[in-house]
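# Structural overview
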Amino acid sequence: VNGGDVTNVIPGRCTVRYEVRTKKLEYFHSVVDRLVNCAKGAALATGCTVEHTQCEPLCMPLEESPLLAAEYQKLLGEYGLFEEGEDVIGSTDMGDVSRIIPSLHPFFKVSTNFELPHTEEFLRAVNEPYAYTQMLLGTELLARLGLTVFEDEPLLKKLRAEKAQKAAQNKA
């Protein structure tokens, strides 16, 4: 955030803000410890000190429901769609919510050239008519998924059992 104003001069104060997201909480702590140790090593090498504070609340890693994911895949098939790519990745701040209710982080194509999220190219692409059509379709798919859960009592029972089993595993 602030590393000084002039090159070749060690500033009196330097501030760095970073964000770490991982699929496993243990790995999160390991990565943060390594980042802090890198900063401490740099401080030692330059005769400085380091102060580390957590500037945002910790968000738990996402726990996706395999049952919801399977239902979503069925809906995609009904629409003649599929999730793009084999190694689709993403992150979300809904990890805490996913510890309480069955959750899903679905993906659907919103751009024609597979622009990477959080880029200017993506920002331009998602303001095109194709993107709006795809977002409406994605909204419809999620609404249908929610309706399926409410209307399918056996599925709802399975989702509750899945969540209870996962909660028990998390406590162990």
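Up top you'll find the structure we're talking about.
These lines cover the structure that appears in this document, whether it is placed above or below. The model shown is predicted, which means the values in this text are computed figures rather than measured ones. (Residues numbered from 1 in each chain as written. Predicted model: local features only at pLDDT ≥ 70, side-chain atom pairs only at ≥ 80, totals over all residues. Heavy atoms only, no water.)

### Focus: a nonpolar patch on the surface
A surface patch of nonpolar side chains, amounting to about 270 Å² of accessible area, comprises Val16, Tyr18 and Leu35. Turning to its location among the elements, Val16 is positioned in the segment before helix H1 (25–46). Judged by relative accessible area, which is 64%, Val16 ranks as exposed. (Patch = residues over 30% accessible without salt bridge, like charges linked within 9 Å, V, L, I, M, F, W, Y side chains within 5 Å. Areas by Shrake-Rupley, 256 points an atom, 1.4 Å probe, with all protein chains shown as cover. Salt bridge = Lys/Arg side-chain N within 4 Å of Asp/Glu carboxyl O. Helix = DSSP H or I, 4+ residues; strand = E, 2+ residues; numbered from the N terminus. Buried < 20%, exposed > 50% of the residue type's maximum accessible area, 1.4 Å probe, protein only.)

### Considering unusual backbone geometry
A negative phi holds for most residues other than glycine; trans holds for most peptide bonds. Backbone geometry places Asn8, a non-glycine residue, at a positive phi of 65 degrees. Relative to the helices and strands, Asn8 resides in the segment before H1. In the Ramachandran plot, His118 falls in the positive-phi region, its phi being about 65 degrees despite a non-glycine side chain. Following the sequence through the fold, His118 ends up in the loop between helix H3 (95–98) and helix H4 (120–125).

### Digging into the pattern of salt bridges
What the rule picks out here adds up to seven salt bridges. In this structure, Glu56 engages Arg17 in a salt bridge whose closest nitrogen and oxygen atoms are separated by 3.0 Å. Here the residue Glu56 occupies a position in the loop between H1 and helix H2 (66–78), and Arg17 occupies one in the segment before H1, the gap between them amounting to 39 residues. Residue class for Arg17 comes out exposed when judged on its relative accessible area of 52%. Of the charged contacts in the structure, one is a salt bridge between Glu63 and Lys163, with a shortest N-O distance of 3.3 Å. A residue pair is termed long-range when its members are at least 10 positions apart, and Glu63 in the loop between H1 and H2 and Lys163 in helix H6 (residues 153–171) qualify at 100 residues. Using a relative accessible area of 13% as the deciding quantity, one classes Lys163 as buried. Connected through salt bridges with shared partners, the residues Glu19, Arg21 and Asp93 form a single ionic network.

### What to know about the side chain of Glu162
If you trace the backbone, Glu162 turns up in helix H6. The buried charged residue Glu162 lacks any salt bridge partner; its closest oppositely charged side chain belongs to Lys163, at an N-O distance of 6.5 Å. For Glu162, the side chain forms a polar contact with the main-chain nitrogen of Leu67, separated by 3.2 Å. Not counting the four nearest positions on each side in its chain, Glu162 is found in contact with Ser65, Pro66 and Leu67. (Lys, Arg positive; Asp, Glu negative; His and termini not counted. Polar contact = N/O pair within 3.5 Å; in protein donor to acceptor, adjacent residues only side chain to side chain. Contact = heavy atoms within 4.5 Å.)

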